[in-house]
Amino acid sequence: MYGLIPRLQGMGPAAKAVMEMAVRMRREAPLPAAAAVACRIHRAVLLDREVDPATPMVTQITFEGLIDEVTGIKHGSAPYTPSRREAGASDAARGRPGSTLLNSSDPFYKEFRDLPYYITSQRLQQYARDARKEYAELGSKDLSELKSFVKGLPKLLLLDRLSDLAVPVAEVVKEQAFHDQLKAEQDILESYDTEGSVAYIQGQMWRGADPLLVLRLLCLLSWTAGGLPKKHGDSLRSEFLAAYGHQHLLTLTNLERAGLLRPHQAGGRTQYPSLRKALRLIVPEQDPQLPCSPADVSYLYKGYAPLSIRLVEAALGSSWGPLSEVLAQLPGGQFDVLQVLEPSGQVVDKTFKPSNNAAAGAAAAGEPETVLLVMLGGITFSEISALRFLSSRPGSNVRFLVLTTKIVNGRTLLESFIDPPAKSTRKA
């Protein structure tokens, strides 16, 4: 998986810096010709999280994403408390908190991880009903059927483990506050009622809601509205400090420096409405295609298509050229270059043009194109699920490799901006 990647696409200041660094290293230490030809990656797409800071702030509703939101997934494992006796477990081990690995070696987790939670819940319940029915009919089975049942016991244990893992998530999902949060996020993304969104955020502050949930809404509102509404910016800031303590003054300052929380600039325009329209970031949930056979990644967020995924879709389609006027509003600019190996052995960088697509090192006919997506600043589990959705669509001939600085969600991303004294106060 090493060598010269024929095509490099990227957007954002960090993406451009990484590309320039990689090109400089290539020139300082040229690759052997054999290594350049042998690369199995056909293109690399580099995206800076600064281009799409909104998606991590939106609550994930995929099964894997919600586990990360509720209990956290670290190094491929999640906290786990078994509620039933497992094979070989002692009485002392029952109910003891621990951790369990989460990967696609578990057939049930492989099936559920990329699905919205409401679909996963329905399937888990159906599998549980089928297992109980089969167990109740054991007395009427013959010897061959009993052998078949025994062989399936390991799968039942995996299903049991997954059900225990889903319990904390189910406890959160059944609360009305969770659905209120989803609705508030959707209203902000649709720019439906800014005054109503501000009123909801203020109400959450005075109810003593988790400050990170409030900050997620504030950052989301800031990005979609081109800064916090002028009429409410100062009051929102003051009310947040009054509700959660003035030790968070540094938190707000850090978010402002990072561009996640900005005051509204006089005469300034927000780029979000034009991006939302040009890239179809909002897809009506009542689309008749979605309930039976989802055709768009927006079903993973109940109507919102992540900007990062739309950019990947555009890059793999007709490139970003047709959208250049809209995408120029995003920070850092963009690039699309070919790395061409000359007969002399030198590598030459050429600006990509649609006419020389055949020279872009695309996959041979019938062979999937391998795309390396480099997310600088972190990626969410739901965005990874969206990439799997893109590669699994009928007619798709692409497979993705994901390289990122960190797996994030809104909580973990915002925690990095909270000053240590404020963290200790929040825990206390």
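Residues numbered from 1 in each chain as written. Predicted model: local features only at pLDDT ≥ 70, side-chain atom pairs only at ≥ 80, totals over all residues. Heavy atoms only, no water.

Colleague: Is there a simple way to think about empty space enclosed by the protein in this case?
Modeller: Empty space among the atoms becomes visible once a probe the size of a water molecule is rolled across them. Counting across every chain of the model gives two cavities of 30 Å³ or more. When the residues that make up the lining of the largest cavity are grouped by side-chain class, the tally is seven nonpolar, one polar and no charged. Its volume calculated, the second largest cavity comes out at about 30 Å³. In this structure, the second largest cavity is lined by L47, D48, R49, V51, D52, S308, L311 and M375. Every element with two or more residues in the lining of the second largest cavity is listed here: strand 2 (43-48) and helix 15 (307-316). (1 Å grid on protein atoms, 1.4 Å probe; cavity = no way out; pocket = protein on both sides within 12 Å on 5 of 7 lines; lining within 4 Å. Points joined across faces, edges and corners; volume = space filled by probe spheres on them. Nonpolar A, V, L, I, M, F, W, Y, C, P; charged D, E, K, R; others polar. Helix = DSSP H or I, 4+ residues; strand = E, 2+ residues; numbered from the N terminus.)

Colleague: Teacher, can you tell me more about the pairing of strand 5 (residues 334-341) here?
Modeller: Successive side chains on a regular strand alternate, one facing one side of the sheet and the next facing the other. Summarising the sheet, strand 1 (residues 7-11) and strand 5 pair through five bridges and their orientation is antiparallel. Residue pairing in the sheet places L8 in a bridge with V337 of strand 5. In this sheet, strand 6 (residues 347-351) lies alongside strand 5 in antiparallel orientation, the contact comprising five bridges. Bridging across to strand 6, Q339 finds its partner in D349. Between strand 5 and strand 6, which follow one another and run antiparallel, lie five residues, and G345 among them has a positive phi close to 95°. (Pairing = 2+ DSSP bridges.)

Colleague: Sorry, what's going on with the packing of helix 10 (residues 211-224) against helix 11 (residues 233-244) here?
Modeller: Packed helices, taken two at a time, are described by the angle between their axes plus the distance between the axes. Running from amino to carboxyl end, helix 10 crosses helix 11 at an angle of 170°, the nearest separation of the two axes being 12 Å. By the criterion of interaxial angle, the relationship of helix 10 to helix 11 is roughly antiparallel. From helix 10, P211, V214, L215 and L218 reach across to helix 11, where they touch L236, F240 and Y244. Looking at the contact of helix 10 with helix 11, its residues break down into seven nonpolar, no polar and no charged. (Axes fitted to C-alpha atoms, helices over the stretch in contact; angles between N-to-C directions. Parallel < 35°, antiparallel > 145°, perpendicular 65-115°, else oblique. Contact = heavy atoms within 4.5 Å.)

Colleague: Where do I start with the side chain of H232 in this structure?
Modeller: Tracing the sequence through the fold places H232 in the loop between helix 10 and helix 11. Each residue touching H232, except ones within four places of it in the same chain, is listed here: E195 and V198.

Colleague: Please explain helix 9 (residues 194-206) as it appears in this structure.
Modeller: For an α-helix the count is 3.6 residues per turn, leaving residues at separations of three or four pointing the same way. Over its 13 residues, helix 9 runs 19 Å from end to end, which matches the ideal 18 Å to within 8%, given 1.5 Å per residue. Looking at the buried positions of helix 9, the neighbouring elements they touch are helix 8 (176-189), helix 10 and helix 11. Backbone geometry just downstream of helix 9 places G208 in the positive-phi region, at approximately 80°. (Expected span 1.5 Å × (residues − 1).)

Colleague: Teacher, can you tell me more about the nonpolar core here?
Modeller: Nonpolar side chains in soluble globular proteins generally cluster together in the buried interior. Core analysis: the biggest nonpolar cluster contains 92 residues, and L47, I67, L218, L275, L311, W320 and L327 have the highest contact counts within it. Here the element with the most residues in this core is helix 10; it accounts for nine residues. When residues no more than four places from it in sequence are discounted, the contact partners of L275 are W223, R280, L281, L307, V326, L327 and L330. In terms of nonpolar packing, the next biggest core, distinct from the first, is built from 14 residues, M19, V23, F335 and L376 among them. (Core = buried A, V, L, I, M, F, W, Y, C linked by side-chain atoms within 4.5 Å. Buried < 20%, exposed > 50% of the residue type's maximum accessible area, 1.4 Å probe, protein only.)

Colleague: Honestly, the packing of aromatic side chains in this entry has me stumped. Any pointers?
Modeller: Aromatic rings considered in pairs are described by the distance between their centres and by the relative angle of their planes. All told, the structure shown has 10 aromatic pairs when counted by the stated rule. The interplanar angle of 65° and the centroid separation of 5.5 Å between the aromatic rings of F108 and Y127 together place this pair among those described as edge-to-face. Remark: Y127 occurs in helix 5 (residues 117-136) and F108 occurs in helix 4 (residues 107-112); sequence separation between them is 19 residues. In this structure an aromatic cluster arises from ring pairing among F63, F108, Y109, F112, Y117 and Y127. The ring of F352 has R7 sitting right over it, with the charged end atom 3.5 Å from the ring centre. (Phe/Tyr/Trp six-rings, centres within 6.5 Å; stacked < 30°, edge-to-face > 60°. Lys NZ or Arg CZ within 6 Å of the ring centre and 35° of its normal.)

Colleague: What is the right way to look at unusual backbone geometry in this model?
Modeller: In terms of backbone geometry, most residues other than glycine have negative phi values and most peptide bonds are trans. Of note in the backbone geometry, H75 takes a positive phi value of approximately 55° without being a glycine. Considering the arrangement of structural elements, one finds H75 in the loop between helix 3 (63-70) and strand 3 (77-80). The exposed category is assigned to H75, whose relative accessible area is 73%. Positive phi is not limited to glycine here, since R280 has a value of about 55°. As for its placement among the helices and strands, R280 is situated in the loop between helix 13 (272-278) and helix 14 (289-292). Judged by relative accessible area, which is 43%, R280 ranks as partly exposed.

Colleague: What's the story with helix 3 in this structure? I'm lost.
Modeller: Counting buried positions along helix 3 gives seven out of eight residues, so the element sits mostly inside the fold. Along helix 3, the positions that sit buried rather than exposed are F63, E64, G65, L66, I67, D68 and E69. Following helix 3 by one or two positions, G72 adopts a phi angle in the positive range, close to 90°.

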